[in-house]
Amino acid sequence: MRVFVTGASGWIGSAAVDELVGAGHEVVGLARSDGSAAALEEKGVEVARGDLDDLDSLRVGASGAGGVVHLANKHDWANPAESDRAERAAVRTMADALEGTGRPFVVANALSGLVEGRPVVETDPSPAVGPGSDRGGSENLALDYAARGVRTVIARFAPSVHGAGDWGFVTWLVEAARRAGFSGYIGDGSTVWSAVHRSDAARLIRLGLEKAPAGSRLHVVAEEAVTTRAIAKAIGRALGVPVGSVDPGDASAHFGIVTGFFGTDLTATSAITRRTLGWTPSGPTLVADIAAGAYTP
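Residues numbered from 1 in each chain as written. Predicted model: local features only at pLDDT ≥ 70, side-chain atom pairs only at ≥ 80, totals over all residues. Heavy atoms only, no water.

(A) Seen up close, the packing of helix H6 (residues 169–180) against helix H8 (residues 228–239). Contact geometry of H6 with H8 gives a least axis separation of 10 Å together with a crossing angle of 55°. In terms of orientation, H6 and H8 fall into the oblique class. As for the relative orientation of H6 and H8, their crossing is right-handed in sense. Counted together, Leu173, Val174, Ala177 and Arg178 of H6 and Ile231, Ile235 and Leu239 of H8 form the full contact between these two elements. For the contact of H6 with H8, the residue count by class is six nonpolar, no polar and one charged. (Axes fitted to C-alpha atoms, helices over the stretch in contact; angles between N-to-C directions. Helix = DSSP H or I, 4+ residues; strand = E, 2+ residues; numbered from the N terminus. Parallel < 35°, antiparallel > 145°, perpendicular 65-115°, else oblique. Left-handed = near helix turned anticlockwise from the far one by under 90°. Contact = heavy atoms within 4.5 Å. Nonpolar A, V, L, I, M, F, W, Y, C, P; charged D, E, K, R; others polar.)

(B) Looking closely at the UniProt feature "domain: NAD-dependent epimerase/dehydratase" (unreviewed entry) in the protein. With numbering aligned to this structure, UniProt lists the feature "domain: NAD-dependent epimerase/dehydratase" (unreviewed entry) at residues 3–213. Its end C-alpha atoms 17 Å apart, residues 3–213 is made of 39% helix and 21% strand. (UniProt positions renumbered as here; feature names shortened; annotations may be inferred.)

(C) Here's a closer look at the sheet that holds strand S4 (residues 67–70). Across the sheet, seven strands lie side by side as S3-S2-S1-S4-S5-S6-S10; this open sheet has parallel pairing. Only two strands of the sheet have a single neighbouring strand rather than two, namely strand S3 (46–49) and strand S10 (216–220). For this sheet, the mean angle separating the axes of adjacent strands, direction not counted, is 20°. Judged from the five bridges that link them, strand S6 (residues 151–157) and S10 form a sheet pairing that is parallel. Note that in S10 the partner of Val153 across the bridge is Ser216. On the sheet, helix H7 (residues 198–211) packs against strand S1 (2–6), S4, strand S5 (104–110), S6 and S10 and is oriented at approximately 165° with respect to S6. (Pairing = 2+ DSSP bridges.)

(D) Seen up close, unusual backbone geometry. Of note, the phi angle at His75 is positive, near 50°, even though the residue is not glycine. In this structure, His75 sits in the loop between S4 and helix H4 (80–98).

(E) The arrangement of the sheet that holds strand S9 (residues 192–197) in detail. Within the open sheet, the three strands sit side by side as S7-S9-S11. Their pairing is mixed. The strands lining the two open edges of the sheet, one partner per strand, are strand S7 (160–162) and strand S11 (223–227). On average, adjacent strands in this sheet sit at an angle of 45° to one another, irrespective of strand direction. The pairing of S7 with S9 spans three bridges and is parallel. Looking at the pairing, His162 lines up with His197 of S9. Helix-sheet contacts for H7 involve S7 and S9, and the interaxial angle to S9 is about 75°.

(F) Representation of the environment of Leu98. Assignment of secondary structure puts Leu98 in helix H4. Leu98 sits in the buried class, given a relative accessible area of 0%. As for Leu98 and Ala291, which are separated by 193 residues in sequence, their C-alpha atoms are 44 Å apart. Residues in contact with Leu98, not counting those within four places in the same chain, are Ala62, Val68, Arg103, Pro104, Phe105, Gly149 and Val150. (Buried < 20%, exposed > 50% of the residue type's maximum accessible area, 1.4 Å probe, protein only.)

(G) Representation of the pairing of S3 within the structure. Strand direction decides the pairing type here: strand S2 (residues 26–31) and S3, joined by four bridges, are parallel. By the bridge assignment for S3, Leu30 is matched with Ala48.

In structure tokens:
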């Protein structure tokens, strides 16, 4: 299959590209910089120059592909409304290009904000609806196209997609520990995160593209609940620094931008996903990755 991938040079996207190429797919990767383009070309991937604001490039890429994997996001933490606007416009543009074709459209989303008080399950709808909602309501927008001849597949990612080279949340926690001289957790450290190794995430993206039914919500989750205290302890051991509790009132000063995420339960099950696609995660756990030096080279 000829597959158009946005975010093709990113942390998850680059692994997904490798997985797709290894499975025999022809990949076209969206690249906004010379460096990203060069990295894709080294893999033998066709490059489409553009970004999420270049709707013409997205339209052409989607129209000429047998399937689309949308992983890019602006992640503009200083202006989330701009990220949401761009996400909605990009999803609508590519979905319009795929309408009536029956081709797969895999769209990334996060688990945050979906439900409170229990793990998220695949049957839980996203409450984000409309342009003013999180990610511009792109999950529900994309799912609307399942009734319009697009094989929409939503991939909801665990907050930690981990592995050597990760620059996400765990990296920020490690930097906070380095700055403070100790590895902290908020309160009693009972808050929990789901996690998945990058290689397992890439494999699930491919499986979803190849065979997930239209309207599917997939949970890219290997470990349902890793406590923040266990994460902090693993970081402390890896850095050789003490581990301790941080008062919730002092958490922002210690953890910075990641505070809101580290203090929130972000957990989900993936039983339906595993059963539907025969996906069995086999990569190392988050704590094992930290212990092996993935975040402290």
